[in-house]
Amino acid sequence: MFKKILIANRGEIALRVIRTCKEMGIKTVAVYSTADRNSLHVKFADEAICIGKPSSTDSYLNIPHIMAAAEITNADAIHPGYGFLAENAKFAQICTDHGIKFIGPTPDMINAMGDKVTAKETMIKAGVPVVPGVEGLLESVEHAIESAKTVGYPVILKATAGGGGKGMRVVWSEEEIEKAFDTAKAEAAASFKNDGIYMEKFVEEPRHIEIQVAGDQYGSVCHLSERDCSIQRRHQKLVEESPSPFMTPELREKMGEAAIKAAASINYEGVGTIEFLVDKHRNFYFMEMNTRIQVEHCVTEEVVNYDLIKEQIKIAAGHKISGKNYYPQMHAIECRINAEDPYNDFRPSPGKITVLHTPGGHGVRVDSHVYAGYVIPPYYDSMIGKLIAVAQTREEAIDTMSRALSEYVIEGIKTTIPFHLQLMQNEDFRKGNFTTKFLESFVMK
Ligand code: MV4
């Protein structure tokens, strides 16, 4: 087992990894930017190294600085968390070249899933259902026009280097396609330095349901059931839950098998997530694979009773997984607590937390790095914590969540707590009646 892990991240996920390391008797190294010197991950780690100025490119994305911190402290592994360098194949390779274990998949696996056209071709070969469309990249506007005639409108144009919504354009008719193609290409070039665009049939009002998987270094892969992440706003998830209220045992079996096929087709090693679009007829289509631990991993941990960070570390250290699948025994819901004003278009609200009371009690978990007096810096994402409620049924989990939200006091900044309180009372949400379009029509009272 590793003796010392450096956590190349900040905020709640850095703290989350430190907590599991402590339980496993593994020493921890925090890295931090000058803006984060008073962060809890710095205080709770055994050692802490400052790696640069506040801007991410100077600190949490600065590979030479992070490698220097790992060498100085003699860390034998690096946990990348999510975001930042978590899906950077070059970073994973550099770790390996320095004899430091990257806790995650190999660079080849990251690359195989990072390019969406390649990933889709791999899935077709593996027999995983994908959204109907044209294989490969669109060569020209003419190619796009001809392709749309076979696929049928509406179609969606996506960047092969994209993911998470950037560079995407929905096209409803031939009149719109030339402009959509040009802007999608320009946006992809600007965002990813790769202007490759591909085309799919546009699935209207889908649900976003993802399957958690884990694979070991010996070819064994299992799934840990699903998370429903349909409650999103501009591609930012706000609420996730497991199981999905839309799921049936038959669909779980089919999607679970498809997710295992997807991961096994690249001999996947580590924990990962297969994202699917699910239409109203319960047809499901591979969308992308995330080769990292995700923000919303906690709901899976709670319903299958399994520490996913511990599993990541054990897999990286060469342990075998049992190979059996995991099914939800409970219902868990996670609300993302962001420093944003839900009454003002979710505008970021950094600043000092003057008063803090964190909820507790039966069925409540809070993963957060903030405390009273903490100043939220403006440089990074606005998530300041996650509130997770667990109960035997979905109705009870919603009631526990409502109760916990009503206890949560954060003063000095605006947060998403009022939004979540209202969502928990929404009739359609309570009925499990929602798609990825749900928040487009949700208005705060
Ligand atoms: C789609 C789609 C409909 N049809 N693909 C959004 C992010 C990126 N991962 C893919 N996305 C979508 N791809 C086809 N063929 C609708 C979306 C989409 C979406 C997906 C999941 C959750 C929220 C979403 C919000 C808008 C669009």
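Every chain is numbered independently, its residues counted from 1 as its sequence is written. The predicted origin of the model limits local features to residues at a pLDDT of at least 70 and limits the giving and counting of side-chain atom pairs to 80 or more, whereas totals for whole chains, interfaces and linings rest on all residues. Excluding hydrogens and water, the side-chain figures rest on all heavy atoms present in the structure.

Observations regarding the overall build of the protein chain
Definition in use: Put simply, DSSP marks the helices as runs of H or I at least four residues long and the strands as runs of E at least two long, and each gets a number from the N terminus on. With C-alpha atoms as the basis for the radius of gyration, the globule rule is written as 2.2 Å multiplied by the number of residues raised to the power 0.38. A 1.4 Å probe rolled over the protein chains alone gives each residue an accessible area, and that area as a share of the maximum for its type sets the label: buried under 20%, exposed over 50%, partly exposed in between. For the area figures, the Shrake-Rupley method with a 1.4 Å probe applies, and any residue is considered shielded solely by the protein chains shown. The convention is simple: Lys and Arg are positive, Asp and Glu are negative, and His and the chain ends are not counted. We put the charge of a Lys on NZ, of an Arg on CZ, of an Asp on CG and of a Glu on CD.
Counting secondary structure elements, the protein chain contains 14 helices and 22 strands. A compact globule built from 445 residues should have a C-alpha radius of gyration of about 22 Å, and the protein chain, at 22 Å, falls within 12% of that. The C-alpha extent of the protein chain, read off along each of the three principal axes, is 60 × 55 × 45 Å. When each of the 445 residues of the protein chain is scored for burial, the buried share is 58%. For the protein chain, the exposed area adds up to about 18,200 Å²; of that, 49% sits on carbon and sulfur atoms. Here the protein chain holds 50 positive side-chain charges and 59 negative ones, and the gap between their average locations is 4 Å.

Points about the pairing of strand β21 (residues 383–391)
Using the following cut-off: In this scheme, strands are said to pair when DSSP sees at least two bridges between them.
Counting buried positions along β21 yields 9 of 9 residues, so the element is predominantly enclosed. With 8 bridges joining them, strand β14 (residues 331–338) and β21 adopt antiparallel strand pairing. Looking at β21, one finds that His331 is bridged to Ala391. Across 5 bridges, the pairing between strand β19 (residues 364–368) and β21 is antiparallel. Looking at the pairing, Ser368 lines up with Gly385 of β21.

With respect to the sheet that holds strand β8 (residues 197–201)
Let me state the cut-off plainly: Inter-axis angles, ranging from 0 to 180 degrees, are taken between N-to-C directions of lines fitted to C-alpha atoms, where helices are fitted over the stretch in contact. Contact criterion: two residues are considered in contact whenever any of their non-hydrogen atoms come within 4.5 Å of each other.
In spatial order, the strands read β7-β6-β8; together these 3 strands make up an open sheet with antiparallel pairing. The sheet is open, and its two edges are formed by β7 (169–171) and β8, each paired on a single side. On average, adjacent strands in this sheet sit at an angle of 25° to one another, irrespective of strand direction. Sheet topology note: the strand β6 (residues 155–159)/β7 ladder contains 3 bridges and is antiparallel. Bridge pairing in β7 links Ile156 to Val170. On the sheet, helix α8 (residues 174–192) packs against β6, β7 and β8 and is oriented at approximately 170° with respect to β7.

What about helix α4 (residues 89–97)?
Note the threshold: The arc in question is traced by the directions running from the helix axis to the C-beta atoms. Contacts described as polar in this section are N or O atom pairs within 3.5 Å, which, within protein, must combine one atom able to donate a hydrogen with one able to accept it, while residues neighboring in sequence count only if both atoms come from side chains.
Every buried residue of α4 is listed here: Ala89, Phe91, Ala92 and Cys95. The buried residues of α4 occupy an angular sector of 165° when the element is viewed end-on, so they sit on one face. Facing away from the buried side of α4 by over 90 degrees, the exposed positions are Lys90 and Asp97. Packed against the buried residues of α4 are α3 (63–73), β4 (77–79), β5 (101–102) and α5 (107–114). The N-terminus of α4 is capped by Asn88, whose side-chain oxygen sits 3.0 Å from the backbone nitrogen of Lys90. Residue Gly99 follows α4 closely and has a positive phi angle near 70°.

Remarks on unusual backbone geometry
Pro154 follows Tyr153 through a cis peptide bond whose omega is 0°. Of note, Pro154 is situated in the loop between α7 (141–151) and β6. A cis geometry characterises the amide bond from Ser242 onward to Pro243, with omega recorded as -5°. One can find Pro243 in the loop between β11 (236–242) and α9 (249–264). Located in the positive-phi region is Asn74, a residue other than glycine, with phi close to 65°.

A few points about the sheet that holds β5
Two strands in a sheet stick together by hydrogen bonds in their backbones, pointing the same way (parallel) or opposite ways (antiparallel). Sheet architecture is open: 5 strands sit in the order β3-β2-β1-β4-β5, paired in parallel fashion. Only two strands of the sheet have a single partner each, and these edge strands are β3 (47–52) and β5. Together, β1 (4–7), β2 (27–33), β3 and β4 form the strand contacts of α3, whose direction differs from that of β3 by roughly 155°.

Concerning the side chain of Lys116
By the element assignment, Lys116 lies in helix α6 (residues 116–126). Those residues in contact with Lys116 that lie beyond four places of it in its chain are Ala159, Thr160, Gly162, Gly163, Tyr198 and Glu288.

Digging into the packing of α7 against α8
Selection criterion: Orientation is classified from the angle alone, with under 35 degrees giving roughly parallel, over 145 giving roughly antiparallel, 65 to 115 giving roughly perpendicular, and any other angle giving oblique. Whether a crossing is left-handed or right-handed is set by the direction in which the near helix is turned from the far one by less than a right angle, anticlockwise for left-handed and clockwise for right-handed. The classification used treats Ala, Val, Leu, Ile, Met, Phe, Trp, Tyr, Cys and Pro as nonpolar, Asp, Glu, Lys and Arg as charged, and all other residues, Gly among them, as polar.
Relative orientation of the contacting elements α7 and α8 amounts to 135°, with a least axis distance of 10 Å. Comparing their axes, α8 and α7 come out oblique. Seen from above, α7 lies across α8 with right-handed handedness. In this structure, α7 uses Val141, Ala144, Ile145, Ala148 and Lys149 to contact α8, whose residues at the interface are Glu174, Ile177, Glu178, Phe181 and Asp182. A per-class count over the contact of α7 with α8 returns 6 nonpolar, no polar and 4 charged.

Structural notes on the packing of aromatic side chains
For clarity, the threshold we go by: Between rings of Phe, Tyr and Trp, where Trp is taken as its six-membered ring, a pair exists when centres lie within 6.5 Å; planes separated by under 30 degrees are stacked, by over 60 edge-to-face, and by other angles tilted.
Per the stated rule, a full pass over the model turns up 13 aromatic pairs. Relative to Phe419, the ring of Phe346 lies with its centre 5.5 Å away and its plane at 75°, an arrangement referred to as edge-to-face. Taken as a pair, Phe346 in the loop between β15 (340–341) and β16 (347–348) and Phe419 in helix α13 (residues 417–425) lie far apart in primary sequence, 73 residues in all. Across the pair, exposure class does not vary: Phe346 and Phe419 are buried alike.

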